[in-house]
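What follows is each chain in one-letter form.
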Amino acid sequence: MKRPVAGNRTEQLLGCLKRGQGRWLSGESLSREMQMSRTAVWKHVGALKSEGYLIASSPRKGYRLQEIPDRLLPWEVRDGLQTGRIGRGEIRHFPRLASTNLEAKALAAAGAPEGTLVIAEEQTAGRGRRGRSWFSPPGGIYLSLIVRPDIRPEEAPRFALLTATAVAAALREATLLEVRIKWPNDLLVQGGKLGGILTEIGMEMDRVEYMVVGLGVNVNLERKDFPPDLRPLATSIRAETGRIFSRLPLLRGILEEFEGAYDEYRREGFAPVRRRWQNFAEMTGRRVTVRSLGETFTGEALDIDADGFLVLREEHRGTMRFFSGDVSYV
Ligand code: BTN
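Values in this document were obtained by computation on a predicted structure and should not be read as measured data. (Residues numbered from 1 in each chain as written. Predicted model: local features only at pLDDT ≥ 70, side-chain atom pairs only at ≥ 80, totals over all residues. Heavy atoms only, no water.)

What follows deals with the sheet that holds strand 7 (residues 186-189). Backbone hydrogen bonds hold the strands of a sheet together, and the pairing may be parallel or antiparallel. Ordered by their spatial adjacency, seven strands build an open sheet running 3-4-5-9-8-7-6, and the pairing between neighbours is mixed. The open sheet has two edge strands with one neighbour each: strand 3 (91-94) and strand 6 (180-182). With direction set aside, neighbouring strand axes in the sheet form an average angle of 20 degrees. Sheet topology places strand 6 next to strand 7; three bridges connect them, and they run antiparallel. The residue bridging R180 from the neighbouring strand is L188, located in strand 7. Contacting strand 3, strand 4 (117-120), strand 5 (141-147), strand 8 (192-204) and strand 9 (207-217), helix 5 (residues 100-109) runs over the sheet at an angle of about 155 degrees to strand 9. Together, strand 4, strand 5 and strand 9 form the strand contacts of helix 8 (residues 247-268), whose direction differs from that of strand 5 by roughly 30 degrees. (Pairing = 2+ DSSP bridges. Helix = DSSP H or I, 4+ residues; strand = E, 2+ residues; numbered from the N terminus. Axes fitted to C-alpha atoms, helices over the stretch in contact; angles between N-to-C directions. Contact = heavy atoms within 4.5 Å.)

Now for the site of the ligand. By nearness alone, 20 residues border the ligand, and S99, T100, R127, R129 and K193 come closest of all. One of the side-chain N or O atoms of S99 is found 2.7 Å from an oxygen atom in the ligand. With the chains in place, 99% of the 420 Å² that the ligand exposes on its own is no longer accessible. More than half of the atoms belonging to the ligand lie within 2 Å of the grid points that define the largest pocket. Elements supplying a minimum of two residues to the shell around the ligand: helix 5, strand 5, strand 8 and strand 9. Split into classes, the residues belonging to the shell around the ligand amount to six nonpolar, 10 polar and four charged. (Near = heavy atom within 4 Å. Polar contact = N/O pair within 3.5 Å; in protein donor to acceptor, adjacent residues only side chain to side chain. Areas by Shrake-Rupley, 256 points an atom, 1.4 Å probe, with all protein chains shown as cover. 1 Å grid on protein atoms, 1.4 Å probe; cavity = no way out; pocket = protein on both sides within 12 Å on 5 of 7 lines; lining within 4 Å. Sits in = over half its atoms within 2 Å of the grid points. Nonpolar A, V, L, I, M, F, W, Y, C, P; charged D, E, K, R; others polar.)

As a packed pair, helix 1 (residues 8-19) and helix 2 (residues 27-34) sit with axes 11 Å apart at the nearest point and diverge in direction by 130 degrees. As summarised for this structure, helix 1 and helix 2 are arranged oblique, according to the angle between their axes. Between helix 1 and helix 2 lies a crossing of right-handed hand. For the pair formed by helix 1 and helix 2, the contact residues are R9, Q12, L13, C16, L17 and R19 on the first element and L30, E33 and M34 on the second. For the contact of helix 1 with helix 2, the per-class residue count stands at five nonpolar, one polar and three charged. (Parallel < 35°, antiparallel > 145°, perpendicular 65-115°, else oblique. Left-handed = near helix turned anticlockwise from the far one by under 90°.)

Structure representation (structure tokens):
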């Protein structure tokens, strides 16, 4: 079945219905305001209904918007979004996609500008860090954002830390959960994994040409939705709060925090990001194992340094710094 695409005129009609704030609006008044025939109004209402909008219609009273679907539709993401550029350009929305990161990388390589966003309601081959997969059924947020910061490749991991602090701040604000970060950028609540970030870069000489920032957040998944092997490790906003959250305001909050952190990084460098990251840090002072470059190191996690490296007081080797790796508690 061909999916009706809500075009510009449909979006404008939606704007009229929203301004009606749940009141009945006659077909005649809508056709006047939109300068289109009543049949055309009826067609656009049909397009909105097939996108999941609940719109009551009555031959006498006209139309009434009853419910906006909790789908991350581009025009809904933009509606009320308080950013200057992030999420302001093209937003590609897919009901289902293999991986938003793969799609975004292809777009970035073809020249898509900074701020382009790819969103999927579900992913069939969601990718995690270190070659792992990312469980991505409906009910989560799965997005990839294209950015083009003027940085060297070795600065790229700092961007992943920056994203983690922005997402943690947005989720804390919206859910009041004590979201924490495990290095480098796992989002945790009470030790359970709530979300993850996968950044991938394209390079040109010694500069970053583009970066794809991929984010997955478990929002309305129930504990029983996770496969048995993930159940002890993963969590979701719903599992932690017992409530279903509308994903749209969460997503807008994430984009707004991200833009703020990105601008701050451009103005002031990594120091403020580092300070914020330290406030969210899960594991400072804890005994951990770091797996990096095929080796395992155990010791006390001390901090992240001015480059975003993890600093570990290793039991046998003294202080060590890690650029990348996987941390677990011992
Ligand atoms: C991790 O392993 O912690 C990172 C998980 C990142 C998952 C997100 S979901 C949206 C984007 N597209 C992908 O294929 N992966 C990232």
